[in-house]
Amino acid sequence: MLYKVIITLFILLHPVYCYSDIIPNDREITWSAGISGGVPTNYTLCANVKNSPYNAVGDDTTDDTSAFTSALAACSTGTYVYVPSGIYKITSGLNIPSGVMIKGDGPTVSVIRDHRVAGTGNYILQITGSSSSQVSNITAGWSKDSTSITVDSTTGIAVNDYVMMSQLNETGLVTATGYGSPCTWCGPRDNETRAMAQIVKIIGINGLILTINRPVYYASSGYSPQVMQLGGSLRIGSGIQDLKVERVNTVSSSHNNIVVQFCINCWIKNVESYMTGGAHIRAQYNYGCEIRDSYLHEAWGYGSGAGYGILMLHPNSDNLIENNIFYLTRHTVVFEGGGSGNVVAYNYGKDALDSDSTTWLTGDYLTHGAHPHMNLFEGNVGQHFELDNTWGSSSHNTFLRNYSSRTRTQTTSIGQRAFEIEENNQFENFVGNVLGPTSGGGTEGPGTLCETNPVDWRTLGCRTPGSSGTPVNDNVSDDILRHGNYSYAGAQIQWDGSIADHVIPDSYYLGAKPSWYGNCVWPPIEPTTGVVNSIPAKLRYEGTSCTCTDCGSLLRRIINLRYRSK
């Protein structure tokens, strides 16, 4: 114990500020995702859905839809509707107003069960606002890390408004056409000619100069940058917490369980979602929201567009997806549009399925449509991380200390890849990840043939998930950053010879082990040895808990306070 006291005193008297030199500044940002201060805990009770005048029964027989609708309508900002233990039958989707939370006693006892006939009902719960189409041109300040931009008009824009910044697609980097037809639904506007986007808050206006709360994440000259107001009717500070939602009857990929759109600082916490059609959670045009501590599992179908865990559609910025369980989904977390600055961290994905090809090891964490950029995937556990070329490009995403096993419970014979980076995915960063089953086997890669299987690193730049032969271009291999990743197939860690820094950061968004992580080893993934410790989400799924008593010495934790934003 004495050494801990001595080291603590030393740090207090002699602060250590160390920096990671692994990822160049132009390829990364300072990630600050989610709700500042965390999910609110100060909302006050507005309505108990079982009390008069609402009188919900919660017996799974009586239709309680009107009780919920009336209770939600009666509540104002900063309050919540309480859902006591019970199984509540609904026959229509429920809309949650701005600033209102719906909260149960926990997902094992407070259940909202959708009894609509098969093939109906676009959502069970929805937090959804609307937007405007007010557009201004950016005339100055359009550069990475800038927090001040000049526009040609501030008409309709006020302090505390949210705007979406975008530029025309950069030649050679951004495309909405992968190996299929153009993804006309992925991007924010102008028929996919502005696929890269970032949502920010206006915190100051001086003439035509706008001060924004987050720096510009990516910018290039000559591509006509603009801002579009997200005014309309946004939802701010709405939440869904401590309950379960489920579908009784079969639905298709157009029917989701929870929809969150045009939402600011909204959250989904400790929610179980069972049997969806399209996505358990569909999120679009959101800023600073959190999806955390939840369990999303099983679907009525696993074909194209169906059975997703979380679908991040269109632009979404600075949202936090943390500490969730995904079981029997087609994909775990999917970015299908120009999301930026989001953090996907410490989630557990198990047994992703694809009914189009039942022996295919489908991607669970993936970018899937133009143009996700500057997003962070950290500390996740899954089977197949995939940056695909289906609906276009992505770039400048970072993967830190993830574990990809390239295995699942169900039999697989094809698509057995731990990491896959297809054509049109450039400037991607992979630092300190562990790949492949711990038993080894297969090939480390990347090789020269796209059909190599099983492999920890698929050949870089292949055109499609099923393509064979050699890649169609070498931009991916030219631009990728791979440093300090451990392959069980190769039984070794691989370093980039041009990078002198061999100290892998613990985190790119956390300054220290978070309180919710409990007594588990953090960081869980150790690439220098290939050790993969269980993350809390995995242990929750298994019904167990951490057993370590000293999860990393104080000396190691102090030494590892080495990464701060440049």
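So, a few notes on the structure that sits alongside this text. The structure displayed is predicted, hence computed values, not measured ones. (Residues numbered from 1 in each chain as written. Predicted model: local features only at pLDDT ≥ 70, side-chain atom pairs only at ≥ 80, totals over all residues. Heavy atoms only, no water.)

1. Here's the deal with the sheet that holds strand S12 (residues 197-206)
Paired through backbone hydrogen bonds, the strands of a sheet run either parallel or antiparallel to each other. Just so we agree on the cut-off: Any two strands with at least two DSSP bridges between them are considered paired. Under the DSSP-based scheme used, a helix requires at least four consecutive residues in state H or I and a strand at least two consecutive residues in state E, with every element numbered from the N terminus. Helix axes are fitted to C-alpha atoms over the stretch in contact, other axes to C-alpha atoms as well, and angles between N-to-C directions run from 0 to 180 degrees.
Within the closed barrel, the six strands sit side by side as S9-S10-S13-S12-S11-S14. Their pairing is antiparallel. Within the sheet, the average angular offset between the axes of one strand and its neighbour, ignoring direction, is 45°.

2. Section: the sheet that holds strand S32 (residues 385-387)
As summarised here, the arrangement of the 10 strands in space is S5-S8-S17-S20-S23-S26-S29-S32-S36-S40, forming an open sheet in which the pairing is parallel. The open sheet has two edge strands with one neighbour each: strand S5 (94-95) and strand S40 (455-457). Note: strand S36 (residues 417-421) against S40, two bridges, orientation parallel. Residue pairing across strands places Arg417 opposite Val455, the latter belonging to S40.

3. Observations regarding the pattern of salt bridges
Worth spelling out the cut-off: What makes a salt bridge here is a side-chain nitrogen of Lys or Arg within 4 Å of a carboxyl oxygen of Asp or Glu, nothing more. Note on exposure labels: buried denotes an accessible area under 20% of the residue type's maximum, exposed denotes more than 50%, and partly exposed covers the range between, all computed with a 1.4 Å probe on protein chains only.
With the rule as written, the count across this model stands at 23 salt bridges. Between Asp145 and Lys144 there is a salt bridge; the shortest N-O distance is 3.2 Å. In this structure Asp145 comes out as partly exposed when scored by relative accessible area, which is 39%. In this structure, Glu542 engages Lys538 in a salt bridge whose closest nitrogen and oxygen atoms are separated by 2.5 Å. Of this pair, Glu542 and Lys538 both sit in helix H4 (residues 536-542), four residues apart, which is roughly one turn of that helix. Here the salt bridges share partners, and the residues they tie into one network are Asp60, Arg113, Lys244, Glu246 and Glu272.

4. What about the environment of Glu378?
Condition: In protein, a polar contact requires one atom able to donate a hydrogen and another able to accept it; more generally it is a pair of N or O atoms within 3.5 Å, and residues adjacent in sequence count only if both atoms are side-chain atoms.
Here Glu378 is to be found in strand S30 (residues 376-378). Taking the C-alpha atoms as reference, Glu378 lies 9.4 Å from Tyr403; in sequence the two are 25 residues apart. Only 2.7 Å separates the side chain of Glu378 from the side chain of Tyr346, close enough to count as a polar contact.

5. A look at the state of the cysteines
Test applied: The rule for a disulfide is simple: a pair of cysteine sulfur atoms within 2.5 Å.
Scanning all chains against the criterion turns up four disulfides. The partner cysteine of Cys46 in its disulfide is Cys75, sulfur to sulfur 2.2 Å. With the S-S dihedral at roughly -100°, the linkage between Cys46 and Cys75 falls on the left-handed side. Of the two residues, Cys46 is situated in strand S1 (residues 44-48) and Cys75 in the loop between helix H2 (65-74) and strand S3 (79-83); the sequence distance between them amounts to 29 residues. Under the relative-accessibility criterion, Cys46 is labelled partly exposed at 30%. Sulfur-sulfur distance for the disulfide between Cys263 and Cys266 comes to 1.9 Å. Here the S-S torsion is close to -70°, and the disulfide linking Cys263 with Cys266 is therefore left-handed.

6. Details of the nonpolar core
Inclusion rule: Here, nonpolar core refers to any group of buried Ala, Val, Leu, Ile, Met, Phe, Trp, Tyr and Cys residues whose side-chain atoms link them within 4.5 Å.
Counting 56 residues, the largest nonpolar core has Phe68, Ile112, Leu125, Ile240, Ile258, Phe419 and Ile421 as the members making the most contacts within it. Of the residues forming this core, the biggest block, four residues, is contributed by H2. Counting residues in hydrophobic clusters, the runner-up holds 34 residues, among them Trp31, Val343, Tyr509 and Cys520.

7. Focus: the packing of aromatic side chains
Quick reminder of the rule: Two rings from Phe, Tyr or Trp (for Trp, the six-membered ring) form a pair when their centres sit within 6.5 Å of each other. Planes less than 30 degrees apart are called stacked, planes more than 60 degrees apart edge-to-face, and all others tilted.
Counted under the stated rule, the structure contains 21 aromatic pairs. Ring plane angle 50° and centroid distance 5.5 Å describe the contact between Tyr162 and Tyr287, whose orientation is recorded as tilted. Residue Tyr162 is found in strand S11 (residues 162-166), and its partner Tyr287 is found in the loop between strand S20 (279-284) and strand S21 (290-292); the two are separated by 125 residues along the sequence. With relative accessibility at 8%, the residue Tyr162 sits in the buried group.

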